[in-house]
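Residues per chain are reported as follows:
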Amino acid sequence: MKLNFIVCMIMVSFPLTFLLGQNDDLDKRPIELSFEYQMYPAGMMPGLKVEAGLGKYYKSSLEARIAYNRARRHGWGEHGDERGGGWGGSFGYKYYILKPMKGLYIGVRSDVWRLTIDYRDIGEDMIYDTADDSDFGQSKIWILQPTASVGYKFLFRVGNEKKTTIFLTPQVAAGWEYNVKTEGEAVGQGAIGLWGLDIGVRF
């Protein structure tokens, strides 16, 4: 009985030891360059991003992004129709839960946007962009947009000797848009949900 128990423990512990012994350590600090495309119900944000591993085992990282924010808010803002766009940038932090710079992660990011928003309210003819629109104009705004995200990074090795690593990262995020400064009439702000995809290369 005792022998059976010992044999059983060895059989169970061997594969566990093998799994724990898998080494995902990286021999150098990973630096990644990617194209990121984010969408949200009122617009889209294409941009370029750089990410670099942190710490001894690179299970966390810092990222920076520059992007364009194209907004089509329709009636979700302070007016009947709001639309526009502008450039911005962001800094963020990620923590990879299981493996260094790979797999499931959680993150936080803060964006700053400078947008120009054209707004108008519908007139009696119930058609936008006609002469009887009751109110129209333009506002310039500075936006602070903190968000929290979760995503999964898939790695692929390509090339004859598989020396090049590319990655694909689907992600979702949620946060808040604050209009820190508004030049002109007030326009929309509030909760925001985003989803998107990164594709890039690791150096």
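Preceding this paragraph is the structure being described.
Residues numbered from 1 in each chain as written. Predicted model: local features only at pLDDT ≥ 70, side-chain atom pairs only at ≥ 80, totals over all residues. Heavy atoms only, no water.

Peer 1: How do you make sense of the packing of aromatic side chains when you look at a structure like this?
Peer 2: How two aromatic rings sit relative to each other is given by the distance of their centres and the angle of their planes. With the rule as written, the count across this model stands at four aromatic pairs. Centre to centre, the rings of tyrosine 68 and tryptophan 87 are 5.3 Å apart; their planes meet at 75°, and the pair counts as edge-to-face. Of this pair, tyrosine 68 sits in strand β3 (residues 60-74) while tryptophan 87 sits in strand β4 (residues 81-96), and the two are 19 residues apart along the sequence. The class of tyrosine 68 is partly exposed, set by a relative accessible area of 31%. The ring of tyrosine 105 has lysine 94 sitting right over it, with the charged end atom 4.5 Å from the ring centre. Positioned above the aromatic ring of phenylalanine 167 is the side chain of lysine 153, whose terminal nitrogen or guanidinium carbon lies 4.8 Å from the ring centre. (Phe/Tyr/Trp six-rings, centres within 6.5 Å; stacked < 30°, edge-to-face > 60°. Helix = DSSP H or I, 4+ residues; strand = E, 2+ residues; numbered from the N terminus. Buried < 20%, exposed > 50% of the residue type's maximum accessible area, 1.4 Å probe, protein only. Lys NZ or Arg CZ within 6 Å of the ring centre and 35° of its normal.)

Peer 1: How do you make sense of the nonpolar core when you look at a structure like this?
Peer 2: Buried together is how nonpolar side chains tend to be arranged in soluble globular proteins. Judged by nonpolar contacts, the single largest core of 15 residues is most densely connected at Tyr40, Met45, Trp113, Leu115, Ile117, Ile141 and Leu194. Counting residues per element, the ones that place at least two in this core are β3, β5 (103-121), β6 (135-158) and β8 (190-202). If you tally residues by element for this core, the top one is β5, at four residues. Setting aside anything within four residues of it in sequence, one finds isoleucine 141 in contact with Arg73, Trp113, Arg114, Leu115, Ile117, Asn179, Lys181, Thr182 and Val187. (Core = buried A, V, L, I, M, F, W, Y, C linked by side-chain atoms within 4.5 Å. Contact = heavy atoms within 4.5 Å.)

Peer 1: Would you take a moment to explain the pairing of strand β2 (residues 43-54) for this structure?
Peer 2: Remark: a regular strand shows side chains that alternate across the two faces of the sheet. Only one face of β2 is covered, namely the one carrying Gly43, Met45, Gly47, Lys49, Glu51 and Gly53; the face carrying Met44, Pro46, Leu48, Val50, Ala52 and Leu54 has none of its residues buried. Pairing geometry for strand β1 (residues 31-40) and β2, over ten bridges, is antiparallel. Following the sheet pairing, isoleucine 31 is matched in β2 by alanine 52. The hairpin formed by β1 and β2 contains two residues between the paired strands. (Pairing = 2+ DSSP bridges.)

Peer 1: Looking at this structure, I do not really get the pairing of β1. What am I missing?
Peer 2: Only one face of β1 is buried, namely the one carrying Glu32, Ser34, Glu36, Gln38 and Tyr40, since none of Ile31, Leu33, Phe35, Tyr37 and Met39 on the opposite face is buried. The pairing of β1 with β8 spans eight bridges and is antiparallel. Note that in β8 the partner of glutamine 38 across the bridge is glycine 196.

Peer 1: Looking at this structure, I do not really get the pattern of salt bridges. What am I missing?
Peer 2: Side-chain pairs of opposite charge can arise where the charged atoms are in close proximity. In total, this model carries 17 salt bridges according to the counting rule given. Arginine 65 is paired through a salt bridge with glutamate 36; the nearest N and O atoms lie 2.7 Å apart. With arginine 65 in strand β3 and glutamate 36 in strand β1, this pair connects stretches of sequence that are 29 residues apart. Between lysine 49 and aspartate 198 there is a salt bridge whose closest N-O contact spans 2.3 Å. With lysine 49 in strand β2 and aspartate 198 in strand β8, this pair connects stretches of sequence that are 149 residues apart. (Salt bridge = Lys/Arg side-chain N within 4 Å of Asp/Glu carboxyl O.)

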